[in-house]
Amino acid sequence: MSTQASSPRTSTSAPEEPAVHPLGSRAKVLLTSVFGPYAQDDDYGSRAINPMELYQNQVTREQGPFSLRLFHRSWGLMLIQHNIGAPSTLLDFPTRERFVRELGSHRYDVVGISSIIVNVGKVREMCRLVREHSPGSRIVVGGHVAAIPEIETMVDADHIVRGDGVRWFREYLGEPTDRAVHHPPIPSSFSFRVMGLPAPRGGGDASATIIPSVGCPMGCNFCTTSAFFGGKGKVVNFFETGAELFEIMCRSEASLGVASFFIMDENFLLQRKRALELLDLMKAHGKSWALYVFSSANALAKYTTRELVELGVNWVWLGLESAQSSYGKLRGADTRALTRELQEHGIHVLGSTIIGLEHHTQENVEEEIADAVAHDVDCHQFMLYTPVPGTPLHREMAEQGRLLDDVDLADTHGQYKLNFRHPALSRDASKELLDAAFRRDYESNGPSLYRIARTMLQGWRRYRNDPDSRVRDRVARTAGQLRTVHGATLWAMERYLRRANRDVSDRIRALRLEVRRELGGLSWLVPSLLGPLLLWTSRREERRHPRGRPLEPRTFVERRNWPEPTA
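J.: I would appreciate a short explanation of the overall build of the protein in the present structure.
T.: Assigned secondary structure in the protein consists of 19 helices and 17 strands. For the protein, the spread of C-alpha atoms along the three principal axes comes to 70 × 55 × 45 Å. Per-residue burial for the protein yields a buried fraction of 59% across its 567 residues. Within the protein, residue pairs in contact and separated by at least 24 positions form 76% of the contacts whose partners lie at least 6 positions apart. When the accessible area of the protein is evaluated, it comes to approximately 23000 Å², of which 50% is carbon and sulfur surface. Averaged over its 72 positive side-chain charges, the protein has a centre that lies 6 Å from the centre of its 68 negative ones.

Okay, here's the thing in structure tokens:
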């Protein structure tokens, strides 16, 4: 049955309610993500092709045992829980059975369910389960699933929340909405795995997630985040100043023991005043932090390379949309030159390329894929041009009568097939082009692990003697990783690819020898000891799971302001 066409099994309209819950901040709240498992085809809309993993799903999925495997928490739910005074439970990545058990174990007055659009079938089932097992609960549905037109007719919820969930819950519980937002310590990822082995401490350079703002003022017509938080020109700032961010980062550094931060902001560098205030405080307090940021090319142009390096920008997620597209964020940008310049200064680039734009034909899209691959970024995301419900693009396609009626919402995620009538590309052709783009990038440029190590070495060479001790300290951490874990991965990748792709294998070998020459000392010891193990586990992983090992995130249960003893 199509998720798009289904209706709830109970009431199809939300009942009238007062603006504030009758119990106010005394209401017990359950906040939950949708139930798993996720990396499988099921009756609720999960798809094996669409696992709960960012990198395996849409960045490194064709890189075999070298694909980066990791999970991220439901950050929005964590932010909501830490900003309401009501007693609350956060249930992240439950099974269906665990969700039902939680409903039966405590009397919840409010159940908040957050989801992305593809999991609307699971939201519907969870609403039904709440009505069955906790009939006194008010059901609140939020997250990107709330952007679906007429979602009220598809799930049996009392409230649909679009936009800022922190403010909505505060208002609903009768709490002050103008109180400062408290940012909890959020580990960026967990359960990191690569080359057939789990990594200690989550993997490599553990980081914390920081959420300064939501939304994006650039307002690309396909962008779900921009549309969800108000559209073009709109942004919700949780933290207006660099001083606020600095304080949050210091707290996260102390509680999580991290020195790097994933800045979950659609275009962090656009707000230059805030970024430079953060830089001034980092300098004043000697912080050699590393930052992972999303940015458009025009936002990067606001900064000198020196400013980016001093700010600690270590990764940039950069859109590489076609030069023939009309998106202003790329206007006048030479993204190849920009990529090379960033990498030469030790700044990793995660490029993002869209396939199936309006001007694409079978011939020119292959040329544009080749151009995208030639950027040789550290990691490369390929996505299909997808009209997602709630976006301007979806409205435009609907008005033109170009949306395909028989495409399930569970398959509307940009990693399968087009969901609209394209002037030149069929649905099947779009999938073939997408899969081929991932393979071509891997075969031409090698594993992302190799490219990451290459950029690390370039940064260390350039800045190892920098006059700023913060910069020296940051690249010194890089050198430590190159001497140990990255050196071992290079050893294993070189030998793994020797027969399958000799050209890439030779490039990896050249880099490995450069690392040994440049770093000297014991830079040969760990690779020679750990490398053979990684080679063996990589071959075993490929043999056992040629399409990638199915992985599921573990369940998290976190209670705050809780009045009852917990087991």
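J.: Can you help me understand the sheet that holds strand S2 (residues 69–71) in this one?
T.: Within a sheet, neighbouring strands are paired by backbone hydrogen bonds and run either parallel or antiparallel to one another. Strand order in this open sheet of 3 strands is S2-S7-S8, and the pairing throughout is antiparallel. The sheet terminates laterally at S2 and strand S8 (197–198), the two strands that pair on one side only. Of the pairings in the sheet, the one linking S2 to strand S7 (residues 190–194) comprises 2 bridges and is antiparallel in character. The partner of Arg69 across the bridge, within S7, is Arg193.

J.: When you look at the packing of aromatic side chains in this model, what are you seeing that I'm missing?
T.: Two numbers describe a pair of aromatic rings. These are the distance of the centres and the angle of the planes. Scanning the model with the defined rule gives 19 aromatic pairs in all. Ring plane angle 80 degrees and centroid distance 5.3 Å describe the contact between Phe382 and Phe438, whose orientation is recorded as edge-to-face. Remark: Phe438 occurs in helix H14 (residues 427–445) and Phe382 occurs in strand S16 (residues 379–384); sequence separation between them is 56 residues. Classification of Phe382 as buried rests on a relative accessible area of 0%. Counting every residue linked through ring pairs, the aromatic cluster contains Tyr38, Phe71, Phe93, Phe190 and Phe556.

J.: Got a minute to help me understand the sheet that holds strand S13 (residues 290–295) in this structure?
T.: Taken together, the 6 strands give an open sheet; going across it, the order is S9-S12-S13-S14-S15-S16, and neighbouring strands pair in parallel fashion. Sheet topology places strand S9 (207–210) and S16 at the edges, where each strand pairs with a single neighbour. The mean inter-strand angle of the sheet, taken between neighbouring strand axes irrespective of direction, is 20 degrees. In terms of strand pairing, S13 meets strand S14 (residues 313–319) through 5 bridges, oriented parallel. Among the inter-strand pairings, Leu291 is bridged to a residue of S14, identified as Val313. Each of strand S15 (348–355) and S16 touches helix H12 (residues 362–374); the most contacted strand, S16, lies at about 155 degrees to it. Where helix H15 (residues 448–463) meets the sheet, it contacts S14, S15 and S16, and its direction lies at approximately 135 degrees from that of S15.

J.: Would you explain the side chain of Glu307 in this entry?
T.: Turning to its location among the elements, Glu307 is positioned in helix H10 (residues 305–311). In this structure the side chain of Glu307 is engaged in a polar contact, spanning 3.1 Å, whose partner is the side chain of Arg272. Leaving out residues up to four positions away in the same chain, Glu307 has contacts with Arg272, Leu276, Leu279 and Lys302.

J.: What's the story with unusual backbone geometry in this structure? I'm lost.
T.: Note: most peptide bonds trans; most residues except glycine with negative phi. For the bond from Gly36 to Pro37, the omega torsion is 0 degrees, close enough to zero to count as cis. Mapped onto the elements, Pro37 comes out in the loop between strand S1 (29–33) and helix H1 (54–58). Even without a glycine there, the phi angle at Asp376 is positive, about 55 degrees. By secondary structure assignment, the location of Asp376 is in the loop between H12 and S16. Here the phi dihedral of Asn561 falls at roughly 55 degrees; this positive angle occurs in a residue that is not glycine. Within the secondary structure layout, Asn561 lies in the segment after strand S17 (556–560).

J.: Sorry if this is basic, but what is going on with helix H13 (residues 392–399) here?
T.: Since the α-helix packs 3.6 residues into each turn, any two residues three or four apart lie on the same face. When H13 is considered as a whole, its buried residues turn out to be Leu393, His394 and Met397. Buried residues of H13, seen end-on, are gathered within an arc of 100 degrees and therefore sit on one face of the element. Residue Gly401 follows H13 closely and has a positive phi angle near 70 degrees.

J.: Would you mind showing me how to read the packing of helix H17 (residues 485–496) against helix H19 (residues 525–544) here?
T.: Packed helix pairs are specified by the crossing angle of their axes together with the interaxial distance, meaning the distance between the axes. The N-to-C vectors of H17 and H19 enclose an angle of 50 degrees; their axes lie 7 Å apart at closest approach. One way to sum up the angle between H17 and H19 is to call them oblique. In the packing of H17 onto H19, the handedness of the crossing is right-handed. Within the contact between the two elements, H17 uses Val485, Gly487, Ala488, Thr489, Trp491, Ala492, Arg495 and Tyr496 and H19 uses Val526, Pro527, Leu530, Gly531, Pro532, Leu534, Leu535, Ser538, Arg539 and Glu542. Tallied by class, residues from the contact of H17 with H19 come to 11 nonpolar, 4 polar and 3 charged.

J.: Just to check I follow, could you spell out the pairing of S9 for this structure?
T.: Of the two faces of S9, the one holding Ser207 and Thr209 and the one holding Ala208 and Ile210 are both buried throughout. Of the strand pairs in this sheet, S9 and strand S12 (residues 260–263) are connected by 4 bridges, and their pairing is parallel. Pairing of Ala208 across the sheet is with Phe261, part of S12.

J.: Looking at this model, I keep getting lost on the pattern of salt bridges. Mind explaining?
T.: Under the counting rule described, the total for this entry stands at 41 salt bridges. Across the pair Lys417 and Asp428 runs a salt bridge whose closest N-O atoms are separated by 2.8 Å. You can see Lys417 sitting in the loop between H13 and H14 and its partner Asp428 sitting in helix H14, a full 11 residues away along the chain. Residues joined by salt bridges that share partners form a network here, namely Glu494, Arg495, Arg498, Arg509 and Arg512.

J.: I would appreciate a short explanation of helix H16 (residues 469–483) in the present structure.
T.: Compared with the 21 Å implied by 1.5 Å per residue over 15 residues, the 21 Å span of H16 between its first and last C-alpha is a close match. Among all positions in H16, only Arg470, Val471, Arg474, Val475, Thr478, Ala479 and Leu482 are buried. In this structure Asp468 caps H16, since a side-chain oxygen of it lies 2.8 Å from the backbone nitrogen of Arg470.

Parameters and conventions
Sequence order as written defines residue numbering, which begins from 1 separately in each chain. The predicted nature of this model means local features are confined to residues of pLDDT at least 70 and side-chain atom pairs, given and counted, to a pLDDT of 80 or more, with totals for whole chains, interfaces and linings taken over all residues. Side-chain metrics in this entry use all non-hydrogen atoms of the structure; hydrogen atoms and water are not considered. Secondary structure follows DSSP: runs of H or I at least 4 residues long count as helices, runs of E at least 2 residues long count as strands, and numbering of each begins at the N terminus. Burial classes follow relative accessibility: with a 1.4 Å probe on protein chains only, a residue under 20% of its type's maximum area counts as buried, one over 50% as exposed, and anything between as partly exposed. Contact between two residues is taken to exist if any of their heavy atoms lie within 4.5 Å; hydrogens are not considered. Note on areas: Shrake-Rupley, 1.4 Å probe, and residue coverage restricted to the protein chains presented here. Charge assignment in this entry is limited to Lys and Arg as positive and Asp and Glu as negative, and neither His nor the chain termini are counted. Charge positions are represented by NZ for Lys, CZ for Arg, CG for Asp and CD for Glu. Should DSSP find at least two bridges between two strands, the strands are regarded as paired. Pairing of aromatic rings covers Phe, Tyr and Trp, the last counted by its six-membered ring, and requires centre-to-centre distances within 6.5 Å; plane angles under 30 degrees mean stacked, over 60 mean edge-to-face, and any other angle means tilted. Fitted lines through C-alpha atoms serve as axes, helices being fitted only where they are in contact, and the angles separating the N-to-C directions of these axes extend from 0 to 180 degrees. Within 3.5 Å is the distance limit for a polar contact, defined as a pair of N or O atoms, with the added protein rule that one can donate a hydrogen and the other accept it, and that residues adjacent in sequence qualify only through two side-chain atoms. The directions from the helix axis to the C-beta atoms form the arc being described. Small angles under 35 degrees read as roughly parallel and large ones over 145 as roughly antiparallel, with 65 to 115 read as roughly perpendicular and the rest as oblique. Crossings are sorted by hand: turned counterclockwise from the far helix by less than a right angle, the near helix makes the crossing left-handed, and turned clockwise it makes it right-handed. Residue classes follow a fixed rule: Ala, Val, Leu, Ile, Met, Phe, Trp, Tyr, Cys and Pro count as nonpolar, while Asp, Glu, Lys and Arg count as charged, and any other residue, Gly among them, counts as polar. Salt bridges are counted wherever a side-chain nitrogen of Lys or Arg sits within 4 Å of a carboxyl oxygen of Asp or Glu. By this rule, a helix spans an expected 1.5 Å times one less than how many residues it contains.

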